[in-house]
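The lines below spell out each chain.
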Amino acid sequence: PRSDCIAAEQLCLSDSTCNATYRILENCALAKTRFLPLDHDSRVRCLNAELDLGNSSLLHCKCHRRMKRQEHCLRVFWTVHSSVTDGYFNLETSPYENPANEEHWKTDYNKLAALLSGKDCSQLAGDATNPCLKATHVCNLSKKCVRLRTDYASICTKGAGSEDTCDRRKCHRGLRNFFEKVPEDFTKRILFCPCQDELCGERRRKTIVPDCSFQYNTKPNCLWLLDSCLEDHICKSRLADFQQNCQPADMSPDGCSQHNHAACLQAYMGMIGTPMTPNYVSNSSAEVSLWCTCESSGNQKEKCDQILGMFESNKCL
């Protein structure tokens, strides 16, 4: 199995040759993060340092979505792979272990859902016609699900309706916590519940409290959104994961080049709580988008349309 990047980093730092190479790469990654232009010699030095790692466990290490010290792990990954993002936003290499290799925990979702259907139905009359409401009721029966859902909801609704603006960073952190720590049985059903009417659609669209997590007063340019994402290790990693797992393919039965629609949905959920948080665009459809526009993109209009198209017209998603 691939080692995680924190273990690989410790191993490298204990070896003097690997340590020296890694320090060079740290400086290269730092320059990149600060958008400092590297001269030709520095670029060559960075590329050579990456090649010098050769078959080192650092070059092949991965991270887990639910691991402790995830940001540290991702920082190590992008230090070693800083040349991957050269000049373009097609990241392609996901720092995350394939979802199939990650431990899938057993959940009591079905047990709780059965318990729920045995309850007094008059209380939950809306459930039959509103799958989103039912998914929320089941979440309320799980201590972890209801606690983390209440956490982000209370942070993300602060300041709503008044002149105070909510704390978007805290709101995003709360959302990531929810989608990382609550089993997917719960989170997927809450986020992707199938709706037949607008009441259900509105509940689904408001799952992530979009007034705080998704919308700005005015729509920023999508390229600005991308820049904010690439400066943030978690967002950059989730975007790389999304690009890898949601790559559309016309000839594929599920529209995905990786033939794994479930991995694409998981990658989509990973984007929620980042500067590039997506959401449903209305109460009456399952279409999703980013909160941004490609107007005034000048000669980068094509690149901007591509970013928006990853969400708006992606057959795999």
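Below, the structure is looked at part by part.

What counts and how
Residues numbered from 1 in each chain as written. Predicted model: local features only at pLDDT ≥ 70, side-chain atom pairs only at ≥ 80, totals over all residues. Heavy atoms only, no water. 1 Å grid on protein atoms, 1.4 Å probe; cavity = no way out; pocket = protein on both sides within 12 Å on 5 of 7 lines; lining within 4 Å. Points joined across faces, edges and corners; volume = space filled by probe spheres on them. Helix = DSSP H or I, 4+ residues; strand = E, 2+ residues; numbered from the N terminus. Nonpolar A, V, L, I, M, F, W, Y, C, P; charged D, E, K, R; others polar. Disulfide = S-S within 2.5 Å. Buried < 20%, exposed > 50% of the residue type's maximum accessible area, 1.4 Å probe, protein only. Contact = heavy atoms within 4.5 Å. Phe/Tyr/Trp six-rings, centres within 6.5 Å; stacked < 30°, edge-to-face > 60°. Lys NZ or Arg CZ within 6 Å of the ring centre and 35° of its normal.

A separate point is the layout of surface pockets. Taken as a whole, the second largest pocket encloses approximately 460 Å³ of empty space. Counting residues per element, the ones that place at least two in the lining of the second largest pocket are helix H8 (168–181), helix H12 (222–230) and helix H13 (233–245). When residues of the lining of the second largest pocket are assigned to their parent elements, the largest contribution, five residues, is made by H8. Here the lining of the second largest pocket is composed, by residue class, of five nonpolar, five polar and seven charged.

This brings us to the state of the cysteines. What the rule picks out here adds up to 14 disulfides. The residue that forms a disulfide with Cys195 is Cys200, at a sulfur-sulfur distance of 2.0 Å. Taking the sign of the S-S torsion, about -65° here, the bridge from Cys195 to Cys200 comes out left-handed. Cys200 matches Cys195 in its accessibility class, with the two residues each being buried. At a sulfur-sulfur separation of 2.0 Å, the disulfide partner of Cys256 is Cys316. Judged by the torsion about the S-S bond (95°), the Cys256/Cys316 disulfide is right-handed. On the criterion of sequence distance, the pair formed by Cys256 in the loop between H13 and helix H14 (261–271) and Cys316 in the segment after helix H15 (301–312) is long-range, its members being 60 residues apart. With respect to class, Cys256 is no different from Cys316; both count as buried.

Following the sequence through the fold, Thr274 ends up in the loop between H14 and strand E1 (278–280). Exposure remark for Thr274: the relative accessible area of 1% places this residue in the buried category. Setting aside residues up to four positions removed in sequence, Thr274 forms contacts with His172, Cys235 and Arg238.

Evaluated as defined, the whole model comprises two cavities of 30 Å³ or more. Of the pockets and cavities examined, the largest cavity occupies roughly 150 Å³. Considering the residues around the largest cavity, the lining is formed by 13 residues, among which Arg65, Phe179, Glu180, Gln266 and Gly270 are closest to the centre. Of all elements in the fold, only H8, H13 and H14 reach the threshold of two or more residues within the lining of the largest cavity. Here the lining of the largest cavity gets four residues from one element, more than from any other, and that element is H14.

With the rule as written, the count across this model stands at seven aromatic pairs. Taking 5.6 Å as the distance between ring centres and 65° as the angle between the ring planes, the aromatic pair formed by Phe214 and Trp291 counts as edge-to-face. Within this pair, whereas Phe214 is found in the loop between helix H11 (210–213) and H12, its partner Trp291 is found in the loop between strand E2 (288–290) and H15, the two being separated by 77 residues in sequence. Like Phe214, the residue Trp291 is buried in the burial classification. Ring centres of Phe242 and Phe311 lie 4.6 Å apart, and the angle between their planes is 10°; on these two criteria the pair is classed as stacked. With Phe242 in helix H13 and Phe311 in helix H15, this residue pair connects regions lying 69 residues apart in the sequence. For the pair Phe242 and Phe311, one class covers both residues: buried. Cluster of aromatic residues (ring-pair linked, three or more members): Tyr152, Phe178 and Phe179. Directly above the aromatic system of Tyr280 lies the positively charged group of Arg204, at a separation of 4.6 Å from the ring centroid.

Scope: geometric values only; no functional claims are made or implied.
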